[in-house]
Amino acid sequence: LRGSGRIAKFPGAHRAARRRSAAILASLVVLAGPASFAACGRDEPEAGPGATAAPTTTTRPAPSTRPTRAPASTSATTAAPAADLDALERELAAAKALLDDAAPEVANADPATGRAREGSAP
Amino acid sequence: VRRLGAVATACVVASAVVVGHAAGAEGRLAAPCVGDALKPKVRLETSRRVAVLGEMMDFVGRRADPYGLNAAHVETLRRDREALQTLEARITSVCYGSLAEFRADAERVFVDYRVYWLRLPQTYGLAAADWLAQARAALGAAADKLEPLAASNAQAMTALGTMRDRLAAADGRLGAAPTPAPILASAVALRPARDMTANDAALRALHQALVATRAELVAAHAAGLEAIAAVRAAAG
């Protein structure tokens, strides 16, 4: 099947072939025994009686091997300062905006400008 | 023709005598008013100043007034505006008999009020001080909140120390609201003067204090950002 390219075209046929392969493999294990099977050097889980009935050999990771979240306590301690720092940065930005607003008025407080505009009586 | 000419001459002479008599009887009624040609310029200068004073009143009246100086300043501006309007009405209505009389009133528009040379820098100085006091309060609050977050971080604490030093320097220049420093309070209390030397020096000193205070607060802001960056870096 693999050679004919039908695997890609007919996934149902692929599943049937794999099912047959598993059945053949299970019967071989039963015939030869687990020890001789392990001696083949294959990195397969040790097959028990229950495993022989398994229809497939999927490689989906076991729940225990899935990525795990950090403990809740660690997450809380890092998130709180980050939020506080974000808020502080916003407060500093607001203060900077006030300083920017003050700039033209600081410049206009120079009496030299007004002195030139004052003039005198005709 | 000769008779008609004689009659016309007699009429002209008679009317001149009548007009001369009337003028003599009512003082300067027929004499031209001195300074009339200059009145439009003076009125223009006066109305400009009245408008500027009104704008300044609005400008300062909308401020937060952290130093508590604005209300008195707005009242001063209001009095100046009313007095200038009265003076403008007087200059418009009076027929000045001499140039000296006219100049005495016209000079008051410039000298007695000093709208541009004194009131404008005072007003801008107050407004700038208001902005700076608000910025200083915001930076001080941020520094207080930053303190516990930076407590275990030497670099952040150094930056925070710089921030507090800058804030203290700013307080030393303009005063920590609500208490204004003498340089601010005295500049706002200045009165118009013919000789503006002392007033000008006080206004320049206030201007320099405003520039320096703003620079201190900009530096405090930068130090605050540095402290936050240090805390973030330590948190990973």
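It should be emphasised that the depicted structure is a prediction, and the values quoted were computed from it without experimental measurement.

**Regarding the overall build of chain B**
At step 1: A count of helices and strands for chain B gives eight helices and zero strands.
At step 2: Mapped in sequence order, the helices and strands of chain B form the string α-α-α-α-α-α-α-α.
At step 3: Across the 236 residues that make up chain B, the buried fraction comes to 40%.
At step 4: When contacts within chain B are restricted to residue pairs at least 6 apart in sequence, long-range pairs at least 24 apart make up 79% of them.
At step 5: With the model as given, the accessible surface of chain B reaches about 11700 Å², and the carbon-plus-sulfur share is 60%.

**Topic: helix α6 (residues 154-174) of chain B**
Residues and elements named next belong to chain B.
At step 1: Taking 1.5 Å of rise per residue, the 21 residues of α6 would be expected to cover 30 Å, and the 31 Å separating its terminal C-alpha atoms lies within 8% of that figure.
At step 2: Of the residues making up α6, those classed as buried are A156, A159, L160, M163, L167, A170, D171 and L174. For α6, the buried positions fall inside an angular range of 125° around the axis, keeping them on one side. Facing away from the buried side of α6 by over 90 degrees, the exposed positions are A154, Q155, T158, D165 and G172.
At step 3: G175 sits one or two residues past α6 and shows a positive phi near 95°.

**Let's talk about the state of the cysteines**
Residues and elements named next belong to chain B.
At step 1: The full count for this structure, using the stated rule, is one disulfide over all chains.
At step 2: Covalently, C33 is tied to C95 through a disulfide, its sulfur atoms 1.7 Å apart. Here the S-S torsion is close to -110°, and the disulfide linking C33 with C95 is therefore left-handed. Here C33 is found in the loop between α1 (2-25) and α2 (39-61), whereas its partner C95 is found in the loop between α3 (70-93) and α4 (99-111), with 62 residues between them in sequence.
At step 3: For C33, a relative accessible area of 24% corresponds to the partly exposed category.
At step 4: The partly exposed category is assigned to C95, whose relative accessible area is 35%.

**Looking at the confidence of the model for chain B**
Residue and element names in this part refer to chain B.
At step 1: Looking at chain B as a whole, its pLDDT mean stands at 90, while 87% of the residues score no less than 70.
At step 2: When the criterion is pLDDT under 50, residues 16-28 qualifies, and its contacts beyond four places in sequence or with other chains add up to three contacts.
At step 3: This prediction of the complex comes with two scores: 0.70 for pTM and 0.83 for ipTM.

**So, the packing of α2 of chain B against α4 of chain B**
Between two packed helices, what matters for the description is the angle formed by their axes and the separation of those axes.
Residue and element names in this part refer to chain B.
At step 1: At a closest axis distance of 10 Å, the pairing of α2 and α4 adopts a crossing angle of 25°. With respect to each other, α2 and α4 are oriented roughly parallel. Seen along the crossing, α2 lies across α4 with a hand that is left-handed. Contacts from K39, V42, E45, T46 and R49 in α2 reach F102, A106, V109 and F110 in α4.

**Looking at the nonpolar core**
At step 1: Core analysis: the largest hydrophobic core is formed by 46 residues, its most contacted members being L132, L139, M163, L174, L184, L210 and L217 of chain B.
At step 2: Contributions of two or more residues to this core are made by α5 (72-108) of chain A together with α2, α5 (115-150), α6, α7 (182-188) and α8 (197-235) of chain B.
At step 3: Examining the composition of this core, we find that 13 residues originate from one element, α5 of chain B, more than from any other.
At step 4: Setting aside residues up to four positions removed in sequence, L139 of chain B forms contacts with L92 and A95 of chain A together with M163, L167, L217, A220 and H221 of chain B.

**Re the packing of aromatic side chains**
Residues and elements named next belong to chain B.
At step 1: Tallied over the full model, the rule gives two aromatic pairs over all chains.
At step 2: Ring geometry for F59 against Y124: centres 5.6 Å apart, planes inclined by 70°, an arrangement best described as edge-to-face. Of the two residues, F59 sits in helix α2 while Y124 sits in helix α5, which places them 65 residues apart along the sequence.
At step 3: In this structure F59 comes out as buried when scored by relative accessible area, which is 18%.
At step 4: Owing to a relative accessible area of 22%, Y124 belongs among the partly exposed residues under this scheme.
At step 5: Note on Y96 and F102: the rings are 5.5 Å apart at their centroids and 75° apart in plane angle, and the pair reads as edge-to-face.

Conventions we followed
- Residues numbered from 1 in each chain as written.
- Chains lettered and ligands numbered in written order.
- Predicted model: local features only at pLDDT ≥ 70, side-chain atom pairs only at ≥ 80, totals over all residues.
- Heavy atoms only, no water.
- Helix = DSSP H or I, 4+ residues; strand = E, 2+ residues; numbered from the N terminus.
- Buried < 20%, exposed > 50% of the residue type's maximum accessible area, 1.4 Å probe, protein only.
- Contact = heavy atoms within 4.5 Å.
- Areas by Shrake-Rupley, 256 points an atom, 1.4 Å probe, with all protein chains shown as cover.
- Expected span 1.5 Å × (residues − 1).
- Arc of directions from axis to C-beta.
- Disulfide = S-S within 2.5 Å.
- pLDDT = per-residue confidence, 0-100.
- Axes fitted to C-alpha atoms, helices over the stretch in contact; angles between N-to-C directions.
- Parallel < 35°, antiparallel > 145°, perpendicular 65-115°, else oblique.
- Left-handed = near helix turned anticlockwise from the far one by under 90°.
- Core = buried A, V, L, I, M, F, W, Y, C linked by side-chain atoms within 4.5 Å.
- Phe/Tyr/Trp six-rings, centres within 6.5 Å; stacked < 30°, edge-to-face > 60°.

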